[in-house]
Amino acid sequence: MSHEHHHHHDHDELALRAAALEAVLVEKGLLSTDQIDAIVERYERDLGPQNGARVVARAWVDPAYRDRLRSDGAAAIRELGYGGFEGDTMVVVENTPAVHNVVVCTLCSCYPWPVLGLPPTWYKSPAYRARVVAEPRAVLREFGVVLPPEVEIRVWDSTSEVRYLVLPERPSGTDGMSEEELAGLVTRDSMIGTGLAASPA
Amino acid sequence: MGGMQGFGAVVTPGSDAVSHADWELRVFAISTLVGIEGLGKGSGRAIREEMEPAEYLRAGYYERWLWSTERRLLRSGAITENEVDAWVARLADGGPPPRHDDPAAAARVVAATAEVDPLEPAGNPSFAPGAEVRVRRMRPGGHTRCPRYARGATGVVEAVRGLDAFPDIGPYAGPDEPVYAVAFASDDLFGPSSEGRWTVMLDLFESYLEQA
């Protein structure tokens, strides 16, 4: 069942209603157009998984930073300049050979905006929200992630104001790589837990 | 909706994108600005859950945000439905949308999105890490942060996250309470599974919990 497919017919109507709401707010002087432009731009351009990737790469090369991330995720993430809405309190959960973490919000769509930006459509979908707590291995398989049976899967349901970032395992064969090169291996999904960090080409 | 059946695949064509049309992120921005500027009444998150359930499932994600944002503004009296309907008609007739810029205001709201307000430490939590707790049986009257699938289940406190406003009594208006990270074994939530066992971690407010 896909909402996107069923309801193309009323997308124009929704676009019109959204534009009308914006027009009312601007006409009444409650918001300015460039305020709206600026927020869109901030969340489209400045905030995104490139930020989280820098956090992960730093943790891979700097054990002291990794320790700080473990003890106070949001404070360590702020060291790199990231923080704000939907990231007041962030907990970093670390993947190991024995534990694989995956994050969801079954209630709606809680997601660590400062380090990942806005969530992809699947993260907000009823299918992901319903299934990943109840059949995580089947969901991970859809993403191409098949874990050995002895690996403990921990599903973090973001039910409070705490936001979660997965610290993926550093791929093998990356010993000589720079922090910047390592950041290039850190995918968005690896920081949600539906993926693994990429292997070097 | 944790544990519900029948939704099909997670990974589908287009599901990787953050949004599918420009209006969606403009609605996101307007909703965020309604919060920053204090223009609305009520929590968008809670109001979205007032949608009739079949409608909630039918609607797209940002359609729900549009719905809740308009209601927050109507309830505060900032706008009226007639005003929105009038602009729908004007724009449908090809009328130009109004534009007004205020660079200082734009810079101010961008800075606001970077403000942080971490949870306060919980001074006197009732449960310590290692405590066995049971999620109370309950039927909240509206918005709650306690998922249905965990009610009645027993878990183990792993950490005390801090103090936060209890969200169930008038959304986000309740007194502060400790929030706990509680670990649940999958079979205590869903019974035996062909997948074996896994762990589900939930952040739960103290009112949701009782000593097991």
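Reading the values: rules and limits
Residues numbered from 1 in each chain as written. Chains lettered and ligands numbered in written order. Predicted model: local features only at pLDDT ≥ 70, side-chain atom pairs only at ≥ 80, totals over all residues. Heavy atoms only, no water. Helix = DSSP H or I, 4+ residues; strand = E, 2+ residues; numbered from the N terminus. Rg over C-alpha atoms; globule rule 2.2 N^0.38 Å. Buried < 20%, exposed > 50% of the residue type's maximum accessible area, 1.4 Å probe, protein only. Contact = heavy atoms within 4.5 Å. Areas by Shrake-Rupley, 256 points an atom, 1.4 Å probe, with all protein chains shown as cover. Lys, Arg positive; Asp, Glu negative; His and termini not counted. Charge placed at Lys NZ, Arg CZ, Asp CG, Glu CD. 1 Å grid on protein atoms, 1.4 Å probe; cavity = no way out; pocket = protein on both sides within 12 Å on 5 of 7 lines; lining within 4 Å. Points joined across faces, edges and corners; volume = space filled by probe spheres on them. Nonpolar A, V, L, I, M, F, W, Y, C, P; charged D, E, K, R; others polar. Core = buried A, V, L, I, M, F, W, Y, C linked by side-chain atoms within 4.5 Å. Pairing = 2+ DSSP bridges. Axes fitted to C-alpha atoms, helices over the stretch in contact; angles between N-to-C directions. Buried area = accessible area lost by both parts, 1.4 Å probe. Salt bridge = Lys/Arg side-chain N within 4 Å of Asp/Glu carboxyl O. Arc of directions from axis to C-beta. pLDDT = per-residue confidence, 0-100.

> Looking at this structure, how should I read the overall build of chain B?
From N to C terminus, chain B includes seven helices and five strands. Going residue by residue from the N terminus, the α and β elements of chain B occur as α-α-α-α-α-α-β-β-β-α-β-β. Its C-alpha atoms give chain B a radius of gyration of 21 Å, more than 25% over the compact-globule value 17 Å for 212 residues. Across the 212 residues of chain B, 44% fall into the buried class. Residue pairs at least 24 apart in sequence account for 62% of intrachain contacts in chain B once pairs closer than 6 positions are excluded. Carbon and sulfur atoms make up 51% of the accessible area of chain B, which totals about 10,000 Å². Considering chain B, the positive charge centre built from 21 side chains and the negative charge centre built from 31 side chains are found 3 Å apart.

> What is the right way to read the layout of surface pockets from this model?
Unfilled space is identified by rolling a water-sized probe across the atoms. Reported here for the largest pocket is a volume of approximately 1,000 Å³. Lining of the largest pocket is provided by 34 residues; of these, Glu86, Asp88 and Glu161 of chain A together with Arg45 and Tyr172 of chain B occupy positions nearest its centre. Breaking the lining of the largest pocket down by element, the ones donating at least two residues are α1 (22-36), α2 (44-48), α4 (61-76) and β2 (154-165) of chain B. Here the element with the most residues in the lining of the largest pocket is α1 of chain B; it accounts for five residues. Classifying every residue of the lining of the largest pocket gives 14 nonpolar, nine polar and 11 charged. Within this model, the second largest pocket holds a volume of roughly 780 Å³. Every residue lining the second largest pocket is counted, 27 residues in all, and those nearest its centre are Leu107 of chain A together with Glu49, Gly142, Thr144 and Arg148 of chain B.

> I tried to follow the nonpolar core on my own but got confused; where do I start?
Buried together is how nonpolar side chains tend to be arranged in soluble globular proteins. Counting residues in each nonpolar core, the largest one holds 123 residues, and the members touching the most others are Val55, Ile77, Tyr128 and Val155 of chain A together with Phe28 and Leu209 of chain B. If you tally residues by element for this core, the top one is α1 of chain B, at eight residues. Non-local contacts of Val155 of chain A, meaning those with residues more than four positions away in its chain, are made with Val102, Val104, Val132, Val133 and Pro136 of chain A together with Trp198, Thr199, Val200 and Met201 of chain B.

> Help me understand the sheet that holds β2 of chain B in this model?
Paired through their backbone hydrogen bonds, the strands of a sheet run either parallel or antiparallel. If you trace the seven strands from one edge of the open sheet to the other, you get β2(A)-β3(A)-β4(B)-β3(B)-β2(B)-β1(B)-β5(B), paired in mixed fashion. Every other strand in the sheet has two partners, leaving β2 (99-104) of chain A together with β5 (209-211) of chain B as the edge strands with one partner each. Between one strand axis and the next, the sheet turns through 35° on average, direction left out of account.

> Looking at this model, I keep getting lost on the interface of chain B and chain A. Mind explaining?
When the parts of a complex come together, some accessible area is lost, and that lost area is often taken as the interface size. Listed by partner, the interface residues are 94 residues for chain B and 86 residues for chain A. Summed over both sides, the interface of chain B with chain A buries roughly 8,300 Å², with 61% coming from carbon and sulfur. Taken as a group, Val10, Arg26 and Glu195 of chain B account for 8% of the area that chain B buries against chain A, more than any other trio of residues on that side. Viewed at the interface, chain A and chain B are joined by 12 salt bridges. A salt bridge links Lys28 of chain A to Glu83 of chain B, with the shortest nitrogen-to-oxygen separation between them at 2.9 Å.

> Which parts of the structure should I look at to understand helix α6 (residues 103-112) of chain B?
Every α-helix carries 3.6 residues per turn, so stepping three or four residues along brings you back to the same face. For α6 of chain B, the set of buried residues is Ala105, Ala106, Val109 and Ala112 of chain B. Within α6 of chain B, the buried residues cover an arc of 125° as seen down the axis, which keeps them to one side. In α6 of chain B, the exposed positions angled more than 90 degrees off the buried face are occupied by Pro103 and Ala104 of chain B. Buried residues along α6 of chain B sit in contact with α3 (33-46) of chain A together with α1 of chain B.

> Is there a simple way to explain the confidence of the model for chain A in this structure?
One rule of thumb: low pLDDT means the predicted coordinates there are not for detailed reading. In this model, chain A carries an average pLDDT of 94, and 96% of its residues clear a pLDDT of 70 or more. Scored below 50 in pLDDT, residues 1-9 of chain A makes 10 contacts in the model with residues more than four places away or belonging to other chains.

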